[in-house]
Structure formats: structure tokens, C-alpha cells
Amino acid sequence: MADDASRKRKVRGKKIRASREQKEGRRAKKELARKASNAGERSGDTPLSDPAEVAPDPFVETDAVASLRGRINGWLDADQPVHLIGPTGCGKTALALSAAAERGRPVVWINGDEAVDTAALVGDHAGGERYKEDDQFVGGVSKQTEIVRERWVDNPLSVAVREGATLVYNEFSRSDPAAHNVLLSVFEEGVLERPGKRGDDRTIDVHPDFRAILTSNDVEYAGVHKQQDALLDRFIGVHVDYYDDETERAIVDAHVDLAEEDIATIVETTRALRDELDVVVGTRAAITAAKGLTIFDGHDETGEFDDETLTTVFTDVLAPKVVGNNGEDVDHLRSQIAETV
Ligand SMILES: Nc1ncnc2c1ncn2[C@@H]1O[C@H](COP(=O)(O)OP(=O)(O)OP(=O)(O)O)[C@@H](O)[C@H]1O
């Protein structure tokens, strides 16, 4: 009888001790897992930028600029993703960043290119991390717990949807359309799936303040990678063209230190070349030519730029766009520019 009782006590006592050990062990593991996850988060570079930091500077706001930006922000307020489509160097990126900055939410930036795949957008496993801890939870008894945890690093889209940021996805049409499958459920169902991620948090609910502005070059939009219609259908398309004469002058003026008449000549030449040449002559080309002309300073006796200098500067600025870029192409470009000037 006494034996029985002591066996029972022993059994009971053992059970109690076992369960305490298990509890302590579980607690230690949980704590390690938490540390591992914090370390993972800390070591990842956050793609979030302060909206004030991304605001383009200088940024000119004529009526044309303000009206476009008002349209973009209006659509974002209506919870619609906006796709800016327009020619190279017309001001899409500056406009997108200015609209994003105005929203006042953190900004996440993605640059589209061939290498962008789903993992580059949502995140990926970044190898395993090993954590070891010596626990002395029972006097004199030490227990080593080791946890190997696969570290997951979120990429910009995951961060943007979770934090309610404004995503600016530049040159979106350069990426492989298959990479954008994850965007469908973001815009349609408000959920981002992270393929490859295991566990309950495989999906992220899209934050109500998340918005997206995408930009595409109109030629590439039509030609390089045809994006899925199902996705394009969900965007508002704002076509952006070159600004009016007055706005282009104000933009060039904001970037260089030149007299008003000189800027007027540069913008007039740019606009004439835009009509005459087969290559794209954007506002960026006008700014670059103006920067060159502040250095080369080719004024003639009337105080205007001489034709020779203007022709050389514009040829240098536009030569990289000539197919093949061999001497003949550039000579032809130069004579076309000389005629226009
Ligand atoms: N409103 C503006 N105020 C000041 N500068 C501007 C403005 N809009 C455009 N720019 C300038 O014009 C140039 C071209 O603009 P931007 O880079 O935004 O064009 P883009 O259409 O995005 O070009 P790309 O298609 O090559 O990416 C840049 O130097 C930019 O700083």
C-alpha cells in the first residue's frame, strides 16, 4: 500500500517536473524565435522613404503641372492605382514622385527591368540563421536550445502594402509580366500573396492607405513586354505628353543659371527638333543642352547663341539615341540639327 502510494507520488512528481521542463523549453524556444525574427527585420534594409525626401527638387508647378498632379492625386484618393504613360524624358518620374510626396505617406520605389521577378517584388528566403542559448532554468541543470530559422526578407511591394505606403513603380512595363501576377490580388482583393513564404503570414492584408503610381514609356508600353490586360484594366491611365512651352522654359530655368532669352532659345530649339527628328527629344534633353551651354557659352556678337555651338551641343546630347551610333548616323543627325537651328 505504502509502496503504491509512493509510486503514485513519484509518478505524479515526475509528471509535474516533465511538464515544467516542457513549458520552460517551449518558452525558451518562443523567445529565441522572437529574437530571430527581430534580428531578421533589423538586418533588412527598409525600402521606405520619407515623403519629404522624395519630393523632386527643383520642382516647377505651372498650371499644366498642377493640373496633372491634381488628376493623379484625385484618382489615388478614389483608391485607384494610376499608370502614367508618356515619352522618354517628359517628366513622368518627377510628377509621380511629387504626387507621392504630396500624399504624405511613406514612399516605396521600384525600378522595373528584366531582372524583376515575383521574389524581387514580394520577398525571399535569405538563408538560415542559427540561434543557440544556454538556459539554466533548473538550478545546476543547463539546457542548450538551438533554433535554425529560415530568414525571410520582405521586398518593396510587401513593405509598401503592409505599411500603407505610396508605391512608385518606375518603368513598370520593363519587367516581365509574370512578375506582376501578385499585383492582381492586391488591387482586386486587397491581399498580397507571398509565394515561397511558409506559415500563417503567407499573405498580407493590404493597408487601406496603400496606393500605387506606375510609369511607362509609351513606346515600351506598346512594344517590349505586353502586360496582362486583366492588370492594365485595373489602372487609371494618365497619358503625359511634353509640357507646353512656358512650362518647359520654367523647368529648364529651374535647373540652370542662364538668361531668360537663352532659355527661350534652348526650349524653342528643343521643340523644333522634337517635331523634325525621328529621335525622342524630351525635356531632359533641353536641360542637358542648357547645362552644356552654360559651360560652352557660345554667344555671338548679337548676344545670342551662335548656330555652330547650338548645333554641336544638341548633336552631342542626342547622339546616343542614334541607332548604331556610328559616324554616319551622327553626321546625318548633325546636319538635320543644323538645318533646324
Ligand atoms: N515639374 C518639373 N520641375 C522641375 N523639373 C522637372 C519637372 N518635370 C520634369 N523635370 C525634369 O525633367 C527631366 C525629365 O523628367 P523625368 O525624369 O521625370 O522624365 P521621365 O518621363 O520620367 O523620363 P524617362 O522616361 O526617361 O524615365 C528631369 O531632369 C526632371 O528633373
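Source: prediction; values computed, not measured.

1. Concerning the pattern of salt bridges
Right, on to step 1. Tallied over the full model, the rule gives 16 salt bridges.
Right, on to step 2. The shortest N-O distance in the salt bridge between Arg69 and Glu102 comes to 3.0 Å. Taken together, the positions of Arg69 in helix α3 (residues 63-77) and Glu102 in helix α4 (residues 92-103) put the pair 33 residues apart, joining distant regions of the chain.
Right, on to step 3. The class for Arg69 is buried, based on a relative accessible area of 12%.
Right, on to step 4. Note on Glu102: relative accessible area 47%, which makes it partly exposed.
Right, on to step 5. Between Glu171 and Arg174 there is a salt bridge, with its nearest N and O atoms 3.8 Å apart.
Right, on to step 6. Note on Arg174: relative accessible area 32%, which makes it partly exposed.
Right, on to step 7. Each of Asp154, Arg162, Glu163, Arg194, Lys197 and Asp201 takes part in a single network of salt bridges with overlapping partners.

2. Details of the pairing of strand β6 (residues 166-170)
Right, on to step 1. For β6, the tally of buried residues reaches five of five residues, placing the bulk of the element in the interior.
Right, on to step 2. Of the two faces of β6, the one holding Thr166, Val168 and Asn170 and the one holding Leu167 and Tyr169 are both buried throughout.
Right, on to step 3. The pairing of β6 with strand β9 (residues 211-217) spans four bridges and is classified as parallel. Across the sheet, the residue bridging to Val168 is Ile213, located in β9.

3. A closer look at the site of the ligand
Right, on to step 1. Near the ligand lie 16 residues; those nearest to it are Val60, Lys92, Thr93, Ala94 and Arg284.
Right, on to step 2. Here Arg284 contributes a side-chain N or O atom positioned 2.8 Å from an oxygen atom of the ligand.
Right, on to step 3. Relative to its free-state accessible area of 620 Å², the ligand is covered by the protein chains to the extent of 87%.
Right, on to step 4. Elements that contribute at least two residues to the shell around the ligand include exactly α4, α10 (245-255) and α12 (283-296).
Right, on to step 5. Considering every element that reaches the shell around the ligand, the biggest residue donor is α4, with three residues.
Right, on to step 6. Grouping the constituent residues of the shell around the ligand by class yields eight nonpolar, five polar and three charged.
Right, on to step 7. Here the shell around the ligand spans two domains, and each of domain 1 (48-123 + 153-239) and domain 2 (245-340) adds at least three residues to it.

4. Let's talk about a negative patch on the surface
Right, on to step 1. There is a patch of like negative charges on the surface, built from Asp113, Glu114, Asp117, Asp124 and Asp176.
Right, on to step 2. As for its position among the elements, Asp176 is in the loop between β6 and α7 (181-189).

5. Structural notes on α12
Right, on to step 1. With 14 residues, α12 extends 20 Å between its outermost C-alpha atoms, agreeing within 8% with the 20 Å of an ideal straight helix rising 1.5 Å per residue.
Right, on to step 2. Buried within α12 we find Thr283, Ala285, Ala286, Ile287, Ala289, Ala290, Gly292 and Leu293.
Right, on to step 3. Phi turns positive, to about 45°, at Asp297, one or two residues after α12.

6. Some thoughts on the environment of Ala319
Right, on to step 1. Inspection of the secondary structure assignment puts Ala319 in the loop between α13 (307-318) and α14 (327-340).
Right, on to step 2. Counting along the chain gives 15 residues from Ala319 to Arg334, while the straight-line C-alpha distance between them is 8.6 Å.

7. Focus: the packing of aromatic side chains
Right, on to step 1. One pass over the structure, following the stated rule, counts four aromatic pairs.
Right, on to step 2. When the centroid spacing of 5.4 Å and the interplanar angle of 85° are considered together, the rings of Tyr169 and Phe172 count as edge-to-face.
Right, on to step 3. Taking the relative accessible area as the measure of exposure, Phe172 reaches 0% and is therefore buried.
Right, on to step 4. Consider the rings of Phe172 and Phe235, whose centres lie 5.6 Å apart with planes at 80°: the pair is edge-to-face. With a gap of 63 residues between them, Phe172 in the loop between β6 and α7 and Phe235 in the loop between α9 (229-232) and β10 (236-239) connect regions that are remote in the sequence. For the pair Phe172 and Phe235, a shared accessibility class is recorded, and that class is buried.
Right, on to step 5. Among the aromatic residues, those joined into a cluster by ring pairs are Tyr169, Phe172, Phe187, Phe210 and Phe235.

Reading guide: rules and limits
- Residues numbered from 1 in each chain as written.
- Predicted model: local features only at pLDDT ≥ 70, side-chain atom pairs only at ≥ 80, totals over all residues.
- Heavy atoms only, no water.
- Salt bridge = Lys/Arg side-chain N within 4 Å of Asp/Glu carboxyl O.
- Helix = DSSP H or I, 4+ residues; strand = E, 2+ residues; numbered from the N terminus.
- Buried < 20%, exposed > 50% of the residue type's maximum accessible area, 1.4 Å probe, protein only.
- Pairing = 2+ DSSP bridges.
- Near = heavy atom within 4 Å.
- Polar contact = N/O pair within 3.5 Å; in protein donor to acceptor, adjacent residues only side chain to side chain.
- Areas by Shrake-Rupley, 256 points an atom, 1.4 Å probe, with all protein chains shown as cover.
- Nonpolar A, V, L, I, M, F, W, Y, C, P; charged D, E, K, R; others polar.
- Domains from an automatic or database assignment.
- Patch = residues over 30% accessible without salt bridge, like charges linked within 9 Å, V, L, I, M, F, W, Y side chains within 5 Å.
- Lys, Arg positive; Asp, Glu negative; His and termini not counted.
- Charge placed at Lys NZ, Arg CZ, Asp CG, Glu CD.
- Expected span 1.5 Å × (residues − 1).
- Phe/Tyr/Trp six-rings, centres within 6.5 Å; stacked < 30°, edge-to-face > 60°.

Geometric values such as these leave the question of function open.
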